[in-house]
Amino acid sequence: MNQVMYTVDEVSALIREGKSLILAGDERTLKKLPKGNWIAGSIPYFLDVDGGKFTRDHIYVTRVPEFATKSTVKVYSPEGISEVYNDAPQNGFSFIILPAFSSIHASFALESPTYQNFACSPLIGWISGTALDDLDYAKPKTFDGISASEHQNKAVVFHVELPANKAADIQIINLMEQGDGDIITFPKSGFHASEALINGEKMDFASYLNDRDIDTKLPLVADMHGAMINTSFQAIDVENRRVDFYAPVFDGVTYKIAKPVEHYVNSFKERVPEGLEESIYFSCNCILNYLYASLEGKSLKKVTGPITFGEIAYQLLNQTMVYMTIEDI
Amino acid sequence: MPLPNINHPIWKELITKRPEHQFDFFAFKLILSRLNMEYEKNPSPQAIETYARELKAFLEKNANLPKLQNDVRKLFGNGAMV
């Protein structure tokens, strides 16, 4: 069983040894790390081998593979993030962390599918966050170890080149499927909506959800050639006719409310392939899955990783487990 | 056999219709969906050619990935290579 959670002293020692690391931890813990070849994002929730846990003391460590032929840390501003696919290695992967509720988070969410060379190289990562009790005052952060700086509106990326006989493969596990209900489209893309077209008829979307008593733990689901892509509900404000989402809805995409999920945890376990924990390089899972499945103290077949405010598999996802394997080819 | 030339009708079919095949490679599903949406907004012949070039370039750039090779075989037959 591989150790994934480390103390500050242990991580500091790895950094001083020159290891290249991708880290997740509480902001106060990450601030104690020395300069080095690492990137990090703030979050205090994790899936450890023995189950979900909240800790401000330990750091989740993913090592850049020893067989990588080159690895480079790059920090992106909102103006430069559209270059992330252009900067990706010819063969390898890029690991990205963005801070939640920032303009770079919003712009990546809305625009990444239109970046030049979108999806031409594996891009995996997550959206950093805070303890849920700290949301009113704490800001999600990213960190780059090269300058040992923290960022509230910059993405940190590790571009990792692999030898020609290795390839990275990104997959998702999504419990959600489109339900049998109304067809929902939106007149414009964005993180919030006031109106939607319900079966082609323009409606006040907040009232629509409220009047039908729709369970907003169930996300909107788009079927993208068989890939189920969620957009999770953040808040419904009937008075002000506003619905907020954790990821944008897109003009031109057809959504349906997800089918109800029975036995959330068991359904998740059933979808995790047997033996995945042995072949997985990295995975992360959504804070909403952590909450709705009550994952604290529960193991998902020993798959580990940070619990996140958004998952990235080429583009921003919601309420999804994302993982990457590195295969011999 | 290399991928068909950009003028081959299969590229337009991929951009304008939902193929019957179930694809395996996650990124392929995403990019195909995005190009389908772009087509809905701009179905001009010039735009379709741009989308087709982007799709062909995507397949060529990911040519070493076994899952994508499976998807390419579903579309173009066993002899197709990227």
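Everything in this summary refers to the structure shown in the same document. In this text, all values refer to a predicted model and were calculated from it rather than measured experimentally. (Residues numbered from 1 in each chain as written. Chains lettered and ligands numbered in written order. Predicted model: local features only at pLDDT ≥ 70, side-chain atom pairs only at ≥ 80, totals over all residues. Heavy atoms only, no water.)

1. Some points on the overall build of chain A
The criterion, for reference: By the criteria applied, helices consist of DSSP H or I runs no shorter than four residues and strands consist of E runs no shorter than two, each listed in order from the N terminus. Atoms counted for the radius of gyration: C-alpha only. Globule rule: 2.2 Å times residue count to the power 0.38. Note on exposure labels: buried denotes an accessible area under 20% of the residue type's maximum, exposed denotes more than 50%, and partly exposed covers the range between, all computed with a 1.4 Å probe on protein chains only. What makes two residues a contact is simply this: any of their non-hydrogen atoms within 4.5 Å. Every accessible area reported is derived by Shrake-Rupley at a probe size of 1.4 Å, with residue values counting cover from the shown protein chains alone.
When helices and strands are counted, chain A shows seven helices and 27 strands. Against the compact-globule benchmark of 20 Å for 329 residues, chain A has a radius of gyration of 19 Å, which places it among compact chains. Dimensions along the principal axes, computed over C-alpha positions, put chain A at roughly 60 × 45 × 40 Å. Evaluated residue by residue, chain A yields a buried proportion of 59% over its 329 residues. Within chain A, residue pairs in contact and separated by at least 24 positions form 76% of the contacts whose partners lie at least 6 positions apart. Working note: accessible area of chain A is about 13300 Å², and carbon and sulfur atoms make up 44% of it.

2. Structural notes on the interface of chain B and chain A
Stated formally: Simply put, the buried area is the total loss of 1.4 Å probe accessible area from both parts when two parts are fitted together. Any carboxyl oxygen of Asp or Glu that lies within 4 Å of a side-chain nitrogen of Lys or Arg is treated as forming a salt bridge with it. In protein, a polar contact means a hydrogen-donor-capable atom and an acceptor-capable atom, both N or O and within 3.5 Å, with residues adjacent in sequence counting only if both atoms are side-chain atoms; elsewhere, any N or O pair within 3.5 Å suffices. When residue character is reported, Ala, Val, Leu, Ile, Met, Phe, Trp, Tyr, Cys and Pro are called nonpolar, Asp, Glu, Lys and Arg charged, and the others, Gly included, polar.
Opposite the 22 residues of chain B that make contact, chain A presents 27 residues. When chain B packs against chain A, the two sides together hide about 2200 Å² of surface, and 58% of this comes from carbon and sulfur. Connecting chain B to chain A are one salt bridge. A salt bridge links B:Lys67 to A:Asp169, with the shortest nitrogen-to-oxygen separation between them at 2.4 Å. On the surface where chain B and chain A come into contact, there are five residue pairs in polar contact (both at pLDDT 80 or more). Listing elements by their share of the side of chain B that touches chain A, those giving two or more residues are helix H2 (26-41), helix H3 (45-61) and helix H4 (66-76) of chain B. If you tally residues by element for the side of chain B that touches chain A, the top one is H2(B), at twelve residues. In terms of residue class, the side of chain B that touches chain A is built from eleven nonpolar, four polar and seven charged.

3. Looking at the pattern of salt bridges
Residue and element names in this part refer to chain A. Scanning the model with the defined rule gives 25 salt bridges over all chains in all. When the shortest N-O distance is used, the salt bridge between Glu177 and Lys259 registers 3.5 Å. Taken together, the residues Glu177 in the loop between strand E13 (166-173) and strand E14 (184-185) and Lys259 in the loop between strand E22 (255-257) and helix H5 (264-271) connect sequence positions 82 residues apart.

4. Describing the sheet that holds strand E6 (residues 59-63) of chain A
Sheet strands line up and pair through hydrogen bonds in the backbone, either parallel or antiparallel. Residue and element names in this part refer to chain A. To keep it simple, the criterion reads: Pairs of strands are assigned from DSSP output, requiring at least two bridges between the strands.
If you trace the six strands from one edge of the open sheet to the other, you get E1-E6-E2-E3-E10-E11, paired in mixed fashion. Unpaired on one side and paired on the other, strand E1 (5-6) and strand E11 (149-151) mark the two borders of the sheet. Across three bridges, strand E3 (residues 38-42) lies against strand E10 (residues 142-144) in antiparallel orientation. Within the sheet, the bridge partner assigned to Gly41 lies in E10 and is Thr142.

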